[in-house]
Amino acid sequence: MRCIDCGFETELDQKTITCPRCGGILEISVKLPSTFSFSRLRGRGVWRYSEAIAGNYKTVVSINEGGTPLIRSKTNENVYYKFEGANPTGSFKDRGMTVAISSAVNEGYKIVVAASTGNTAASAAAYSARAGLKIYLVLPKDKVAVGKLAQSILYGATILEVEGSFDVGMKAVMKLYREMGIVYPLNSFNPWRLEGQKTIAYEITEEIGVPDAVVVPVGNAGNIYAIWKGFTELRNAGLIDKVPRMIGVQAEGASPIARAIAQNLNTPEFTENPETIATAIRIGKPVNWKKALRAIRESQGTAIYVSDSEIVDAQRDLARIEGVGAEPASVASFAGHRKALKEGILSNSDKAVLILTGHALKDPDSMVRSGSRRITTNPDYLEKIILGDLNANS
Ligand SMILES: *Cc1c(COP(=O)(O)O)cnc(C)c1O
Ligand SMILES: [Zn+2]
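What this report covers is the structure whose coordinates are included nearby. Computed from a predicted model, the values in this text were never measured in an experiment.

**A look at empty space enclosed by the protein**
For the structure shown, the criterion picks out 1 cavity of 30 Å³ or more. Of the pockets and cavities examined, the largest cavity occupies roughly 310 Å³. Contributing to the lining of the largest cavity are 29 residues, with Phe92, Lys93, Gly219, Asn220 and Ala280 lying nearest its centre. Put simply, the parts of the chain that give the lining of the largest cavity at least two residues each are helix H2 (119-131), helix H5 (191-197) and helix H7 (222-236). If one sorts the elements of the lining of the largest cavity by residue count, H7 sits on top with 3 residues. Grouping the constituent residues of the lining of the largest cavity by class yields 11 nonpolar, 15 polar and 3 charged.

Here is the structure:
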């Protein structure tokens, strides 16, 4: 384990979450065993790749996460959607949560805590329930999509709602973790979570080989790094010959990483009051910014931002053209891919995987806003409506 802030290095220790010397973010370096080969793997989902996941797990807390569909685009055969909405709680967060909660259980923790824009909360609540842990969730008041809030309630979490953005809650959780040794933090500054999330790269590689680009919505910026880490481990082991370009996509009102890339800054300028309808990426100060910039720059990738109206269009088009329903933050990858094509960052012949991070059902309000023809009618008038349409179109 190595601190990305001060360079401190330590042997692998599952109890260690932040740098013991400076409190910074740790990186877990993994070298695949020389015997690793896809053809020998057994099972399905995150734990199929357990040889690649750092740490020891006497007990594994799993709800069969991962193993999500890779859906080929109808309109471009070089484009694939990695549909993370098919995870047990409807987002990729489950991949990290199975590893982090298993670590917490193996290390004897009884209390877990997470700040969240909603999906980490829903996932953490489910895995804590399964593990029998007490969970406290810190949520930005009135800023969590109703599906995610409802899930957290269903799984029985204690919900602490705070004024302000996610970043306020994140800071409070970091402080709590540092001052109270008995609570285990489930946010993505916890590097064990990213060990689970990196399996997205393993699954893509096993199914279609290494793509030219992976397009990822970016909020707290852990996932783009985790996916890059997965590909990098495979490349270092000689199983693939390159790492795909990592293309991060942020919402315009919460885009410190995209702006840092555009302006070639070493440190992003953070956003005090992030705003976007894509609540899962409504984050002004991404805790994993350093890791994300490294993943983007080392892979010759880039980061861009899209407007809320581009996100709204993307959600509707993805649903109506491809039949795939994803929440607003998720379709930032679709909107971003569109923009990358338009701006010449990618071409139609580039093999690209777009990560659809969460299910459309997470945010029913946004689905309803997409608007469709709804008619209140007498059941006897159905024929009239259809015939009326036929006539209008002829
Ligand atoms: C958490 C989340 C993101 C952002 O992932 P980060 O690792 O925080 O960058 C994007 N989309 C959805 C649906 C999420 O739940
Ligand atoms: Zn440090």
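**A closer look at the packing of aromatic side chains**
As enumerated under the stated definition, the model contains 9 aromatic pairs in all. Between Tyr225 and Trp228, the aromatic rings sit 5.8 Å apart at their centres with planes inclined by 45 degrees, giving tilted as the arrangement. Taken together, the positions of Tyr225 and Trp228, both in helix H7 and 3 residues apart, correspond to about one turn of that helix. Of the two residues, Tyr225 and Trp228, neither departs from the other in class, the shared state being buried. Summarising the aromatic geometry, the rings of Phe270 and Trp289 are spaced 6.1 Å apart at their centres and angled 65 degrees between planes, so their arrangement reads as edge-to-face. Residue Phe270 is located in the loop between helix H8 (256-262) and helix H9 (289-298), and its partner Trp289 is located in helix H9; the two are separated by 19 residues in the primary sequence. According to the relative accessible area criterion, Phe270 is partly exposed, its value standing at 29%. The class of Trp289 is buried, set by a relative accessible area of 15%. By way of ring pairs, the aromatic residues Phe36, Phe38, Tyr49 and Tyr202 are connected into one cluster. Over the aromatic face of Tyr136 sits the side chain of Lys134, whose NZ or CZ is 5.2 Å from the ring centroid. Over the aromatic face of Phe270 sits the side chain of Lys285, whose NZ or CZ is 4.8 Å from the ring centroid.

**Notes on the environment of Lys31**
Within the element layout of this structure, Lys31 appears in the loop between strand S2 (26-27) and strand S3 (70-72). As a C-alpha pair, Lys31 and Gln151 span 120 residues in sequence and 37 Å in three-dimensional space.

**What to know about the coordination of the zinc ion (ligand 2)**
The zinc ion (ligand 2) binds to the protein through Cys3 (SG), Cys6 (SG), Cys19 (SG) and Cys22 (SG); the donor distances cover 2.3 to 2.4 Å. Coordination at the zinc ion (ligand 2) is tetrahedral, judged from the 4 donor atoms that bind it and the angles of 103 to 115 degrees they form at the metal. Spacing between the donor residues of the zinc ion (ligand 2) along the chain follows C-x2-C-x12-C-x2-C.

Definitions and cut-offs
- Residues numbered from 1 in each chain as written.
- Chains lettered and ligands numbered in written order.
- Predicted model: local features only at pLDDT ≥ 70, side-chain atom pairs only at ≥ 80, totals over all residues.
- Heavy atoms only, no water.
- 1 Å grid on protein atoms, 1.4 Å probe; cavity = no way out; pocket = protein on both sides within 12 Å on 5 of 7 lines; lining within 4 Å.
- Points joined across faces, edges and corners; volume = space filled by probe spheres on them.
- Helix = DSSP H or I, 4+ residues; strand = E, 2+ residues; numbered from the N terminus.
- Nonpolar A, V, L, I, M, F, W, Y, C, P; charged D, E, K, R; others polar.
- Phe/Tyr/Trp six-rings, centres within 6.5 Å; stacked < 30°, edge-to-face > 60°.
- Buried < 20%, exposed > 50% of the residue type's maximum accessible area, 1.4 Å probe, protein only.
- Lys NZ or Arg CZ within 6 Å of the ring centre and 35° of its normal.
- Donors = N, O, S within 2.8 Å, 3.2 Å for Na, K, Ca; no water.
- Tetrahedral: all angles 85-135°; square planar, octahedral: opposite > 155°, others 65-115°.

The quantities given are spatial measurements derived from coordinates; they are silent on function.
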